[in-house]
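Each chain, letter by letter, is given below.
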Amino acid sequence: YSSGVADRFYYLLAEGSDGAYATGHDESDVNNPFYTGALATDRAQFAGYGPSVVELLTASTETYVSADPMPQPTAAERGERDMRSLLNSVAHLRGAMAAARVGGLAAVIKEDRKTASDGLTTLVVNQRLGVLLGRQETLPLLGAGKVASYPCEGSVDIDYAFAPATEEPNPFPRITDPAVKLGPPIYLRADEGADLQVTSYTLKDSAGTVVPVRTNAVPQSGHEFFMVPRSQLAPDARYSVDLQGTANGANFHQRFDFRTRS
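Since the structure is predicted, the reported quantities are computational estimates derived from the model, not experimental observations.

J.: Please explain the nonpolar core as it appears in this structure.
T.: Buried together is how nonpolar side chains tend to be arranged in soluble globular proteins. L196, L203, L243 and F258 are the most contacted members of the largest nonpolar core, which totals 38 residues. Broken down by secondary-structure element, the contributors of at least two residues to this core are β4 (148–150), β6 (186–189), β7 (196–205), β9 (224–229), β10 (238–247) and β11 (250–260). Beyond its immediate sequence surroundings of up to four residues, L203 is in contact with I186, T209, V210, V211, V213, M227, P229, L233, Y239, S240, V241 and F258. Core analysis: the second largest hydrophobic core is formed by 14 residues, L13, A44, Y49 and V108 among them.

J.: What am I meant to see in the sheet that holds strand β2 (residues 102–115) here?
T.: Whether parallel or antiparallel, the strands of a sheet pair through hydrogen bonds between backbone atoms. One open sheet holds the three strands; their spatial order is β1-β3-β2, and the pairing between them is antiparallel. The open sheet has two free edges, formed respectively by β1 (53–65) and β2, since each of these has just one partner strand. Each adjacent strand pair in this sheet contributes to an overall mean axis angle of 10 degrees, direction not counted. With 14 bridges connecting them, β2 and strand β3 (residues 121–134) associate as antiparallel partners. The residue bridging G104 from the neighbouring strand is L132, located in β3. Most of the contacts of helix α3 (residues 75–87) go to β1, to which it runs at about 125 degrees, and overall it touches β1, β2 and β3.

J.: What's the story with unusual backbone geometry in this structure? I'm lost.
T.: Trans is the prevailing form of peptide bonds, just as negative phi is the prevailing case for residues other than glycine. In the segment running from Y150 into P151, the intervening peptide bond is cis, with an omega of -5 degrees. Mapped onto the fold, P151 is located in the loop between β4 and β5 (155–158). A cis amide bond links E168 to the next residue, P169, at an omega of 5 degrees. Here P169 lies in the loop between β5 and β6. If you check the backbone angles, D157 has positive phi at about 60 degrees while not being a glycine. Within the element layout of this structure, D157 appears in strand β5. Of note, D236 is a non-glycine position whose phi angle comes to about 50 degrees, a positive value.

J.: What's the story with α3 in this structure? I'm lost.
T.: An α-helix turns once per 3.6 residues; consequently, residues spaced three or four apart project the same way. Helix length check: α3 (13 residues) gives 18 Å between terminal C-alpha atoms against 18 Å at 1.5 Å per residue, within 8%. Taken together, the buried positions of α3 are occupied by R78, G79, D82, L86 and L87. Packed against the buried residues of α3 are β1, α4 (91–96), β2, β3 and β4.

J.: Explain the pattern of salt bridges to me, please; I cannot follow it from the model alone.
T.: When the charged atoms of two side chains lie near each other, side chains of opposite charge can form a pair. Within the structure shown, the criterion is met by eleven salt bridges. In this structure, the salt-bridge partner of E55 is R43, at a minimum N-O distance of 3.1 Å. With E55 in strand β1 and R43 in helix α2 (residues 40–46), this residue pair connects regions lying twelve residues apart in the sequence. Across this residue pair, the class does not change: E55 and R43 are buried. The partner of R94 in a salt bridge is E224, and the shortest N-O contact between them spans 2.8 Å. Placement of R94 in helix α4 and of E224 in strand β9 is noted, with a sequence separation of 130 residues between them. Exposure remark for E224: the relative accessible area of 8% places this residue in the buried category.

J.: Honestly, the packing of aromatic side chains in this entry has me stumped. Any pointers?
T.: The way to describe two aromatic rings as a pair is by their centre distance and the angle between their planes. Per the stated rule, a full pass over the model turns up five aromatic pairs. Seen from their ring centres, Y201 and F225 are 5.4 Å apart, and the 50 degrees between their planes marks the pair as tilted. One end of the pair, Y201, is in strand β7; the other, F225, is in strand β9, and 24 residues separate them in sequence. On the basis of relative accessible area, Y201 is assigned to the partly exposed category, the value being 35%. F225 gets classed as buried once you look at its relative accessible area, which sits at 10%.

Rules behind the numbers
- As a convention, each chain's residues are numbered from 1 in the sequence order in which they are written.
- It should be noted that, the model being predicted, local features are given only for residues of pLDDT at least 70 and side-chain atom pairs only at 80 or more, the latter also being counted only at that level, while totals for whole chains, interfaces and linings use all residues.
- Values reported for side chains reflect all heavy atoms of the structure, with hydrogen atoms and water molecules removed beforehand.
- Take the buried residues of types Ala, Val, Leu, Ile, Met, Phe, Trp, Tyr and Cys, join any two whose side-chain atoms come within 4.5 Å, and each joined set is a nonpolar core.
- The cut-offs for exposure are 20% and 50% of the maximum accessible area for each residue type, with area from a 1.4 Å probe on protein chains only; residues under the lower value are buried, those over the upper are exposed, and the others partly exposed.
- Here a helix means four or more residues in a row that DSSP labels H or I, a strand means two or more in a row labelled E, and each is numbered from the N terminus.
- We call two residues contacting when some pair of their heavy atoms lies within 4.5 Å.
- In this analysis, strands are considered paired if DSSP registers two or more bridges between them.
- Throughout, an axis means a line fitted to C-alpha atoms (over the contacting stretch in the case of helices), and angles, computed between N-to-C directions, take values from 0 to 180 degrees.
- Given the number of residues in a helix, its expected span is that number minus one, multiplied by 1.5 Å.
- The term salt bridge refers to a pairing of a side-chain nitrogen on Lys or Arg with a carboxyl oxygen on Asp or Glu at a separation within 4 Å.
- A pair of aromatic rings is counted whenever rings of Phe, Tyr or Trp (Trp by its six-membered ring) have centres within 6.5 Å, and the orientation is called stacked for planes under 30 degrees apart, edge-to-face for over 60 and tilted otherwise.

Printed below as a string of structure tokens:
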């Protein structure tokens, strides 16, 4: 149902004006030619799928001026950048890691070029990238004592900073300043409906120094666990994660290394 996802983002770009485009998961303008339903569940059904879906959406904007030309990213570079932004989060990472067997993915770009009275031309490039994860089929299961994580062993180019106040919903509501940076959220989950108990959790840098973390990000369900460094990490650096506990009544021990981007 990827075509239904594309309609979603054409709707958002069509709703905007003067280089500012709409965001959000709900649609209200039934006269918009790309309107296919108010909610993600409605739009999935319009595309021929069932109503049980998870929708993820990210927006990015680039501004270029003729006096200072810069090469634009390729479509692949934009897509990777925006997908990584969804994963460098709490609520959106939960959605991306939800168990599913099918999905739809789309990216849509719109350009606005304006020339001011002084002759300066500005090009604003807006991109919307999103994913619908289908959950109507029988969901894949990890099993007792099994967990999944992001990052995971061998992950590279993980962002080294995360600004909670820029995510909606804010996973740390008391942090309201977008300039406050933590480290990248580290996510662990068992099967949905299972009981995940993390009894030991550590994050260490390459020298073996323990990195202080927070575990009170919201929202979290009983099968999920977040570990968020209390300050941003170093760029182009290796970190080690060690997690122990029980998943659905069976013991687990998850260890992995990841590297931050430069």
